Amino acid sequence: MATSTSPMICAGCGQEMNHHAEKLIHPTGADGGSPKDSVFDGVVEEVHECPACGEVASRRSMS
Amino acid sequence: MVDARPLSIPVILGTVRQGRKSAHVARLMVFELSRRSGVTTELIDVTALPLRIDDAGEATKDPTFAAQMNGADALVLVSPEYNHGYSGMLKHVLDSCLKEYIHKAVGVVGVSAGPFGGARGIQDLLPVLRELGLVTIFWDVYFGAVQDVFDESGALRDPAYLRRIDKFLKELIWMARTLRHGREHIALE
């Protein structure tokens with residue numbers, strides 16, 4: 001199940017984006033110190049793509 | 001099926017070595033991709049990328065390269081084999097992005113002066129590509145003894161490579177088209 005409730009809106013064309021992936025990353029100090037998910041020992045990043053123009057965007061998962 | 005937007009499949013020339021024969025391979029791959037309808041391509045030469053070498057990972061991200069990866073549906077990596085491994089500069093470049101690659105197709109073209117066509121470097125590269133979120137195809141192209149495959153002008157001497165490239169690109173394009181549909185229309189559940 002996708003973990004964030006609100007869809008991302010494409011910055012390029014305003015379309016609602018499709019949430020198609022979640023990627024576990026291990027932040028370094030340079031990324032601002034995002035809080036880790038204790039289950040995965042890292043940060044889960046959502047990846048979204050716009051069906052209209054193909055723009056890619058990401059954000060940290062909310063849960 | 002006709003896509004509303006053409007597939008973007010850039011070719012990354014993954015070596016900075018002087019006198020590199022991989023450049024002939026990369027140009028051949030660009031030419032063969034450009035002959036296919038519904039596909040756009042370009043050559044990305046890692047030598048031309050202004051990436052820092054005093055840091056690593058996404059901290060070195062170049063906006064132009066990131067935009068090219070963002071817009072790509074698939075990648076062709078031309079990867080010479082150095083000391084039984086892949087090019088360190090190719091790894092440095094690939095590491096500069098992450099989200100831009102996820103659920104996109106990738107095919108690897110190996111190059112070597114010896115007989116194995118870069119196969120050992122490709123095998124080492126596959127787990128790296130997986131961790132980057134790329135989806136590898138099961139066809140590779142192996143340019144062994146590359147110094148004999150092209151003439152001095154870069155013209156291909158052995159037409160057998162064209163059939164191998166055709167199989168490779170057909171699979172890559174199928175995967176690129178399928179993954180684009182998934183990225184844009186199939187939600188993670």
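Our structure's up above, just so we're on the same page.
Presented here is a report on the structure given in the accompanying data block. (Residues numbered from 1 in each chain as written. Chains lettered and ligands numbered in written order. Predicted model: local features only at pLDDT ≥ 70, side-chain atom pairs only at ≥ 80, totals over all residues. Heavy atoms only, no water.)

**Observations regarding the pairing of strand β1 (residues 18-25) of chain A**
Residues and elements named next belong to chain A. The buried fraction of β1 amounts to 6 of the 8 residues, a majority that puts the element mostly inside the structure. When β1 meets strand β2 (residues 43-49), the two strands line up antiparallel, connected through 7 bridges. Looking across to β2, one finds that K23 is bridged to E45. (Buried < 20%, exposed > 50% of the residue type's maximum accessible area, 1.4 Å probe, protein only. Helix = DSSP H or I, 4+ residues; strand = E, 2+ residues; numbered from the N terminus. Pairing = 2+ DSSP bridges.)

**A closer look at the pattern of salt bridges**
Enumeration over the complete set of coordinates arrives at 19 salt bridges over all chains. For the salt bridge of R52(B) with D55(B), the shortest nitrogen-to-oxygen distance reads 3.7 Å. Looking at R52(B), the relative accessible area reads 39%, which means it is partly exposed. Between E81(B) and R120(B) there is a salt bridge; the shortest N-O distance is 2.8 Å. Here the residue E81(B) occupies a position in the loop between β5 (74-80) and α3 (88-94), and R120(B) occupies one in helix α4 (residues 119-131), the gap between them amounting to 39 residues. Among the charged side chains, a salt-bridge network with shared partners connects E49(A), D73(B), R180(B) and R183(B). (Salt bridge = Lys/Arg side-chain N within 4 Å of Asp/Glu carboxyl O.)

**Points about the packing of aromatic side chains**
Residue and element names in this part refer to chain B. The final tally for this structure, using the stated rule, is 2 aromatic pairs over all chains. Ring plane angle 20° and centroid distance 5.9 Å describe the contact between F143 and F150, whose orientation is recorded as stacked. Of the two residues, F143 and F150, neither departs from the other in class, the shared state being buried. Aromatic side chains F143 and Y161 sit 4.3 Å apart centroid to centroid with 10° between the ring planes, which places their arrangement in the stacked category. Of this pair, F143 sits in strand β8 (residues 141-143) while Y161 sits in helix α6 (residues 160-185); the two residues are 18 residues apart in sequence, bridging distant segments of the chain. Given a relative accessible area of 6%, Y161 falls into the buried group. Linked through ring pairs, F143, F150 and Y161 together constitute an aromatic cluster. In this structure, R164 packs its charged tip against the face of Y161, placed 4.7 Å from the ring centre. (Phe/Tyr/Trp six-rings, centres within 6.5 Å; stacked < 30°, edge-to-face > 60°. Lys NZ or Arg CZ within 6 Å of the ring centre and 35° of its normal.)

**Details of a nonpolar patch on the surface**
Residue and element names in this part refer to chain A. Residues L24, V39 and F40 make up a contiguous nonpolar surface patch of about 290 Å² in total accessible area. By secondary structure assignment, the location of V39 is in the loop between β1 and β2. For V39, a relative accessible area of 68% puts it in the exposed group. (Patch = residues over 30% accessible without salt bridge, like charges linked within 9 Å, V, L, I, M, F, W, Y side chains within 5 Å. Areas by Shrake-Rupley, 256 points an atom, 1.4 Å probe, with all protein chains shown as cover.)

**Looking at the environment of E131(B)**
Position of E131(B) among the secondary structure elements: in helix α4. In this structure, the C-alpha to C-alpha distance between E131(B) and Y142(B), residues 11 residues apart in sequence, is 23 Å. Separated by 2.9 Å, the side chains of E131(B) and K23(A) make a polar contact. (Polar contact = N/O pair within 3.5 Å; in protein donor to acceptor, adjacent residues only side chain to side chain.)

**Digging into α4(B)**
Residue and element names in this part refer to chain B. Where α4 bends most, the angle comes to about 30°, and this point is L125, followed within four residues by the proline P127. Of the residues making up α4, those classed as buried are G121, I122, L125, V128 and L129. Tucked inside the fold, the buried residues of α4 contact β5, α3, β6 (104-111), β7 (134-136) and β8. Phi turns positive one or two residues past the end of α4, at G133, with a value near 95°. (Bend = angle between axes of the 7 residues up to and from the residue. Contact = heavy atoms within 4.5 Å.)

**Regarding the nonpolar core**
Most often, soluble globular proteins keep nonpolar side chains buried together rather than apart. All names here are of chain B. In terms of nonpolar packing, the biggest core is built from 33 residues, with M29 and F143 touching the most fellow members. Among the elements of the structure, β2 (11-13), α1 (22-34), β5, β6, β8, α5 (146-149) and α6 are those that each provide at least two residues to this core. The leading source of residues in this core is α6, at 9 residues. In contact with F143, not counting residues within four places along its chain, are V25, L28, V109, G110, V111, S112, G117, V149, F150, Y161 and I165. Formed by 27 residues, the second largest nonpolar core is a distinct cluster that contains A72, L90, L98 and V108. (Core = buried A, V, L, I, M, F, W, Y, C linked by side-chain atoms within 4.5 Å.)

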